[in-house]
Amino acid sequence: MKKILLASVLGLSIASAGLVEDAAKLDVKKVCDVKANGAAKVLAVAKKFNPEAIKLGVEFKRLGIRNKLYVKAVEEAIKAKKKEVVIKYTVKKKDKVKKFPLDYAAWRTCTFAVRALQLHKEADKTWRLAVPGDGYKF
Amino acid sequence: MKKKIIASLLLGSFALLSANSFSTQADKDRKALQAYFEKKFADRKNASTYFPYSTKDELDNNFKWGIKGDEFRLGSYAFDKGGRAQHDEMMDMPPFEDNIDNGKELYEKTPGMKKCFPNPAIAGDYPKFVKGKGVVTISDAIVSCAKDNKQKGWKLTKGKTADLEAYFANASKEKGKKINVVINSKEAAAAYERGKKEYYTQRGYLELSCATCHVQGAGQRVRNDILSPLFGHTTHFPVYRLKWQGLGTLERRIKGCNKNQGETPHKPGSTWTKELIYFMGYMSNGLPVDGPDIRK
């Protein structure tokens, strides 16, 4: 039982590290270019990486909107063949709605998903550079 | 008998040595941080290095220079003369006085509270690392105590918890207590290190770390506010914020900061938040407890 549990934990860690490594290798400008790739492909990139960002506690959020809401709204717009994305969200228990052009929302959700994981990976090398008495000289 | 005494002494010394050895790195970090801030605010001559965007007028007239040690308990008001003047005016009639009174009443009337906290002057002793539980902040300890005694409506961020914390902080301040966060085990040292890493990690779509504003950025202006320093941050909580129009805990403030970084904020009771507070608390070790206080 212990071995199974250990193997599962190890498996999950490897899968997690794998996604971070995959994201780190990407050129965000290229993979999230909606004109070159189409909104559906760009959304697929966001759908692949954003759940990992949530799991690691590094998901991006802007003006009260979590990236997972962009993913959901873009997916709904593509299914409904609409050029406008409608995002419903809550700020301090108040319901709000924002509308964005599809291309913009798809680009945003993709860059947020990939960049969150890239930043997470970069932090391993960069965080000490800001510590006084360690990497930060004054 | 002699043997027993010697054995106890040896055991005691070993325990003391061990406790010290667990905090060796943290002590180095705290000393370096203090040295950094004292150098940064030592002299007008350093201004071009540390405050490249500040105007000559700000540097000549609004900055107080030559700040040392305990003065940092005041946060940005240690060096921001304009902010300090406004703060002192508000302190003529502190808006949190009712919160302290309410906290005292809650302490006396809430079942089990006196048993959980026999001495109210304990604000400087938190957060603590408890084996099996991990980091326990003062808000955690209060909410857990209330829950254990079947009390409802206690949050980690504001309300009754913040009021009781205000009473504890005030009692600690009156008794001249200092921040005294302890790292007493390998696990505690690991929690401290994780908190430290998170503090210095860039996060969110703005790619800001906590340190961007509160270490390297401390003293610089964001819109019309002067950023406060990490050294001394935890001394004055809970704070009455004008933005909140009420009192809030350190957990509440951190949630706001985390949101401002452009990240989905971590929950106030999460391990992430607790370990961050553990690191921040240790960085203010030795400074006098100065809460509750007012902030913008």
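Note that the coordinates shown come from a computational prediction; the quantities given were computed from them, not determined experimentally.

Looking only at helices and strands, one finds 13 helices and seven strands in chain B. Its C-alpha atoms give chain B a radius of gyration of 20 Å, near enough to 19 Å, the size a compact globule of 296 residues would have. If you take every contact in chain B between residues at least 6 apart in sequence, the share linking residues at least 24 apart comes to 72%.

Regarding its fold elements, chain A presents six helices and four strands. Overall, chain A shows an N-to-C arrangement of helices and strands of α-α-α-α-β-β-α-β-β-α. When the 138 residues of chain A are sorted by exposure, 31% land in the buried category. Within chain A, contacts between residues at least 6 apart in sequence are counted, and of these 64% link residues at least 24 apart.

Another point: the interface of chain B and chain A. Residue-level contacts link 24 residues of chain B with 17 residues of chain A. Where the side of chain B that touches chain A is concerned, the elements lending two or more residues are α2 (24-40) and α10 (186-200) of chain B.

Residue and element names in this part refer to chain A. In terms of strand pairing, strand β3 (residues 84-91) meets strand β4 (residues 94-101) through eight bridges, oriented antiparallel. Pairing of E84 across the sheet is with P101, part of β4. In this antiparallel pair of consecutive strands, β3 and β4, the connection spans two residues, and K92 shows a positive phi of 50 degrees.

Our next topic: the sheet that holds strand β5 (residues 239-241) of chain B. Residues and elements named next belong to chain B. Within the open sheet, the three strands sit side by side as β6-β5-β7. Their pairing is mixed. Every interior strand has two partners, whereas the edge strands, β6 (246-248) and β7 (293-295), have only one. Neighbour to neighbour, the strand axes of the sheet diverge by 40 degrees on average, direction disregarded. One ladder, built from three bridges, connects β5 with β7; its direction is parallel. Opposite R241, over in β7, you have R295 as the bridge partner.

Our focus in this paragraph is the nonpolar core. Side chains of nonpolar character tend, in soluble globular proteins, to be buried together. Y192, Y278, F279 and Y282 of chain B are the most contacted members of the largest nonpolar core, which has 62 residues in total. Looking at this core, the elements that each hand over two or more residues are α2, α8 (138-148), α9 (160-174), α10, α11 (210-214), β5, α12 (250-260) and α13 (271-283) of chain B. Among the domains, domain 1 (26-94 + 184-295) and domain 2 (97-174) of chain B are the pair contributing at least three residues each to this core. Every residue in contact with Y282 of chain B, bar those within four places of it in the chain, is listed here: A26, R30, V181, I183 and Y192 of chain B. Counting residues in each nonpolar core, the second largest holds 30 residues, with V42, V58, I65 and A77 of chain A among its members.

Residue P127 of chain B is reached from Y126 of chain B by a cis peptide bond, and omega for that bond is 0 degrees. Structurally, P127 of chain B can be placed in the loop between α7 (113-116) and β1 (128-130). P292 of chain B follows G291 of chain B through a cis peptide bond whose omega is -10 degrees. Inspection of the secondary structure puts P292 of chain B in the loop between α13 and β7. In this structure, K81 of chain A is a non-glycine residue whose phi angle is positive, near 55 degrees. Counting through the fold element by element, K81 of chain A comes out in the loop between α5 (67-79) and β3. Look at K81 of chain A and you get exposed, because 7 C-beta atoms sit within 10 Å. Phi is positive for E207 of chain B, close to 55 degrees, though the residue is something other than glycine.

Detail in the predicted coordinates should be disregarded across regions flagged by low pLDDT. Scored by pLDDT, chain B comes out at a mean of 93, with 93% of its residues at no less than 70. Among the scores for the predicted complex, ipTM is 0.88 and pTM is 0.91.

For the rest of this paragraph, the subject is the packing of helix α4 (residues 39-55) of chain A against α5 of chain A. Residues and elements named next belong to chain A. The N-to-C vectors of α4 and α5 enclose an angle of 150 degrees; their axes lie 10 Å apart at closest approach. Between α4 and α5, the angle falls in the class roughly antiparallel. Note on packing geometry: the crossing formed by α4 with α5 is left-handed. Taken together, the residues of α5 that come into contact with α4 (itself represented by A39, A40, L43, A46, K47, N50 and I54) are N67, K68, V71, V74, E75 and I78. Considered class by class, the residues forming the contact of α4 with α5 number eight nonpolar, two polar and three charged.

Cut-offs and rules
Residues numbered from 1 in each chain as written. Chains lettered and ligands numbered in written order. Predicted model: local features only at pLDDT ≥ 70, side-chain atom pairs only at ≥ 80, totals over all residues. Helix = DSSP H or I, 4+ residues; strand = E, 2+ residues; numbered from the N terminus. Rg over C-alpha atoms; globule rule 2.2 N^0.38 Å. Contact = placed C-beta atoms within 7 Å. Buried ≥ 20, exposed ≤ 12 C-beta atoms within 10 Å, placed from the backbone. Pairing = 2+ DSSP bridges. Axes fitted to C-alpha atoms, helices over the stretch in contact; angles between N-to-C directions. Core = buried A, V, L, I, M, F, W, Y, C linked by C-beta atoms within 7 Å. Domains from an automatic or database assignment. pLDDT = per-residue confidence, 0-100. Parallel < 35°, antiparallel > 145°, perpendicular 65-115°, else oblique. Left-handed = near helix turned anticlockwise from the far one by under 90°. Nonpolar A, V, L, I, M, F, W, Y, C, P; charged D, E, K, R; others polar.

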